[in-house]
Amino acid sequence: TRRPSERALLPARRERSIGPSSECKKIDRSERMSRVASATPYAWPYDGSLAADDVALVLIDMQTDFCGLGGYVAQMGYDVSLTRAPIEPLRRILAAARAAGVRVIHTREGHRPSLADLPDNKRWRSRQAGAGIGDPGPCGRILVRGEPGWDLIPELYPLNTEDVVDKPGKGSFCATDLDLILRSRGIKRIILGGITTDVCVHTTMREANDRGYECLLLEDGCGATDAGNHAAAIKMVHMQHGVFGATATCDAVCAALDTLPRVPDADALVRTTMAAGVKSSHAAGEVKSAKPFSFEWRVGECALVMVDWQRDFCDDGGFGASLGNDVTALRRAIPAASRVLAAAREAGMPVVHTLESHAPDLSCCPPAKLARCPSIGEVVPGGIEGSRVLVAGEPGNALVPELAALEGEVVIHKPGKGAFFGTDLDARLKSLGVKSLLFTGVTTEVCVQTTMREANDRGYECLLVEDATESYFPEFKAATLAMITAQNGIVGWTASAEDVVAAIKS
């Protein structure tokens, strides 16, 4: 299944920036050749030419059910430390692949909630092992799509631009569109990692080999429930001078990938990958005065979302002012938002900033939106430093200085009103183990409310800081606060900045 993405904000896959220049240029294929010379039993790939555009990294079944406490493997009585061992090596290989622009594909083994795609013999075997597929477990119904245990682990969670292939069997090609994806994208070589080595990884490697793909198995990037089976599976690949392909360590493959040209946002991708799954250690908190009742978050599970504190909305000459609005109304909320931001930073709470913005060619701006707001992409009279309205990278699209992002804080460029549409915000929050969100931002009834409703539908507990949000229209702000807390908090909670800050610091 393809995750929704806003491709217009992404760099072209076949163009790379080299050196200090941010300007993309065409790279000749011969300039991007690389090789894993230490691979066994031969230097990989066999023809000596590894290029970012014809290789894919396939991470197989890194799911809670296979490498998490309470999952399928744990319920069968196996030691999950063996299946968790590949996580850090795979994190490194994932970072290197993303930085080089290599296509990344994730797979998940699971079945429909109806179990209509579950063979009788597979279910019978699982029950004999003490963990029946489809039966209730600590992480929901075992290996059932949509259940907590079925999802991918936070440490290796996909970006929204990365394909996720859901499979009902051990092999990733059976009853899926993986082969179609690979051939459509011109992929000839596959780097495989995941769990378990002897079952799903090996089955997929054999399937790929029979289809003509040149395969490399990551020796320390896969794991099994039995160390002997893991070693035997690797040795099988080496026989007959690579009957299924070759194997190599993650570090050796990272070294080869690092010789490829890096995509323009490589450093940010590496930081995101290496931080995934690393939960904050901030304290639990409770806002007892919150409406409609007390709001709580657990240790390391809350994040602050700063919605659209950008100059286009808050400064004279920006988009908001060009529509005839008085921007001083929005600026009144900046001091309260600043206090909440300072408290979150001091506590070590994750901070996310969002910016409504479009690519310079406006390809991600829907015609209907542009028709209603024709100033988007234009330089308006008296504008901010001659910048084009709501265009990424322009001075007006920057955050106001009082609330500027610090190094390491997540900044989400969103093409719509909601921060979850067309972005990887949900994936980033899940990768951090976040379940509760505190919101500040502008405008209350448009981007803030839309984002909060999107978060609520995705299962996050949400609180809007009442005096750290504003609207050009006071009555709309009041109505939004009432909507959020109506029907016993149908969308979430609200509370004052003073009480939220106190809860963060307590």
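Residues numbered from 1 in each chain as written. Predicted model: local features only at pLDDT ≥ 70, side-chain atom pairs only at ≥ 80, totals over all residues. Heavy atoms only, no water.

Observations regarding helix α14 (residues 334-347)
Right, so step 1: Look at α14: 20 Å from first C-alpha to last across 14 residues, which is about the 20 Å you get at 1.5 Å a residue.
Right, so step 2: Within the sequence span of α14, burial applies to Ile334, Ala336, Ala337, Val340, Leu341, Ala343 and Ala344.
Right, so step 3: If you follow the buried residues of α14, they end up packed against β11 (302-307), α13 (328-331), β12 (351-356), β14 (436-442), β15 (461-470) and α19 (497-505).
Right, so step 4: One or two positions beyond α14, positive phi appears at Gly348, with a value near 80°. (Helix = DSSP H or I, 4+ residues; strand = E, 2+ residues; numbered from the N terminus. Expected span 1.5 Å × (residues − 1). Buried < 20%, exposed > 50% of the residue type's maximum accessible area, 1.4 Å probe, protein only. Contact = heavy atoms within 4.5 Å.)

Some details on the pairing of β12
Right, so step 1: For β12, the buried fraction is high: six of the six residues fall into the buried class.
Right, so step 2: Residues Val351, His353 and Leu355 line one face of β12 and the alternating positions Val352, Thr354 and Glu356 line the opposite face, and both faces are buried.
Right, so step 3: In the sheet, β11 pairs with β12 via four bridges, with the strands oriented parallel. Among the inter-strand pairings, Val305 is bridged to a residue of β12, identified as Val352. (Pairing = 2+ DSSP bridges.)

Quick word on the pattern of salt bridges
Right, so step 1: One pass over the full model with this rule turns up 32 salt bridges.
Right, so step 2: Its salt-bridge partner being Arg108, residue Asp151 comes within 3.4 Å of it at the nearest N-O pair. With Asp151 in the loop between α5 (120-128) and β5 (163-167) and Arg108 in strand β4 (residues 103-109), this pair connects stretches of sequence that are 43 residues apart. Each member of the pair Asp151 and Arg108 is classed as buried. (Salt bridge = Lys/Arg side-chain N within 4 Å of Asp/Glu carboxyl O.)

Thoughts on the sheet that holds strand β3 (residues 55-60)
Right, so step 1: Here six strands make up an open sheet; going across it, the order is β5-β4-β3-β6-β7-β8 and the pairing parallel. Single-partner strands in this sheet number two, and they are β5 and β8 (246-248). Ignoring strand direction, the axes of neighbouring strands in this sheet form an average angle of 25°.
Right, so step 2: Sheet topology note: the β3/strand β6 (residues 189-195) ladder contains six bridges and is parallel. Within β6, the residue paired with Leu57 across the bridge is Ile191. (Axes fitted to C-alpha atoms, helices over the stretch in contact; angles between N-to-C directions.)

Here's the deal with the environment of Pro292
Right, so step 1: For Pro292, the location among the structural elements is in the loop between β9 (285-287) and β10 (295-297).
Right, so step 2: Between the C-alpha atom of Pro292 and that of Ser322, which follows or precedes it by 30 residues, the distance is 37 Å.
Right, so step 3: Sequence-distant contacts of Pro292, defined by excluding residues within four places in its chain, comprise Thr485, Asn488, Gly489, Gly492 and Trp493.

Some remarks on the nonpolar core
Right, so step 1: One finds Val287, Trp297, Trp309, Leu438, Leu463 and Val500 to be the most contacted residues of the largest nonpolar core, which totals 48 residues.
Right, so step 2: No other element matches the seven residues that α14 contributes to this core.
Right, so step 3: Once you skip the residues sitting within four places of it in the chain, Val287 turns out to touch Ser294, Phe295, Trp297, Leu463, Ala495, Asp499, Val500 and Ala503.
Right, so step 4: With 46 residues, the next largest nonpolar core counts Val80, Leu94, Ile133 and Leu143 among its residues. (Core = buried A, V, L, I, M, F, W, Y, C linked by side-chain atoms within 4.5 Å.)

What about the packing of helix α7 (residues 197-210) against helix α8 (residues 227-242)?
Right, so step 1: One way to put it is that α7 packs onto α8 with a least axis distance of 10 Å and a crossing angle of 15°. Overall, the two elements α7 and α8 adopt an arrangement that is roughly parallel. Considering only the axes of α7 and α8, their crossing is right-handed. Along its contact with α7, which presents Thr197, Asp198, His202, Met205 and Arg206, the element α8 presents Asn229, His230, Ala233, Met236 and Val237.
Right, so step 2: When its residues are assigned to classes, the contact of α7 with α8 shows four nonpolar, four polar and two charged. (Parallel < 35°, antiparallel > 145°, perpendicular 65-115°, else oblique. Left-handed = near helix turned anticlockwise from the far one by under 90°. Nonpolar A, V, L, I, M, F, W, Y, C, P; charged D, E, K, R; others polar.)

Description of the sheet that holds β11
Right, so step 1: With respect to topology, six strands assemble into an open sheet ordered β13-β12-β11-β14-β15-β16, the strand pairing being parallel. A strand with exactly one partner marks an edge of an open sheet, and here the two such strands are β13 (410-414) and β16 (493-495). The sheet shows a mean angle of 25° between the axes of neighbouring strands, taken without regard to direction.
Right, so step 2: Sheet strands in contact with helix α18 (residues 474-489) are β15 and β16, and its direction is about 165° off that of β15.

Here we look at the pairing of β14
Right, so step 1: When you tally the buried positions in β14, you get seven out of seven residues, the bulk of the element.
Right, so step 2: Here β14 shows a buried face lined by Ser436, Leu438, Thr440 and Val442 and a second buried face lined by Leu437, Phe439 and Gly441.
Right, so step 3: Here β11 pairs with β14 via six bridges, running parallel. What sits directly across from Val307, in β14, is Gly441.
Right, so step 4: Of the strand pairs in this sheet, β14 and β15 are connected by six bridges, and their pairing is parallel. Counted as the bridge partner of Val442 is Glu470 from β15.

Shape is all these values report; function is a separate question.
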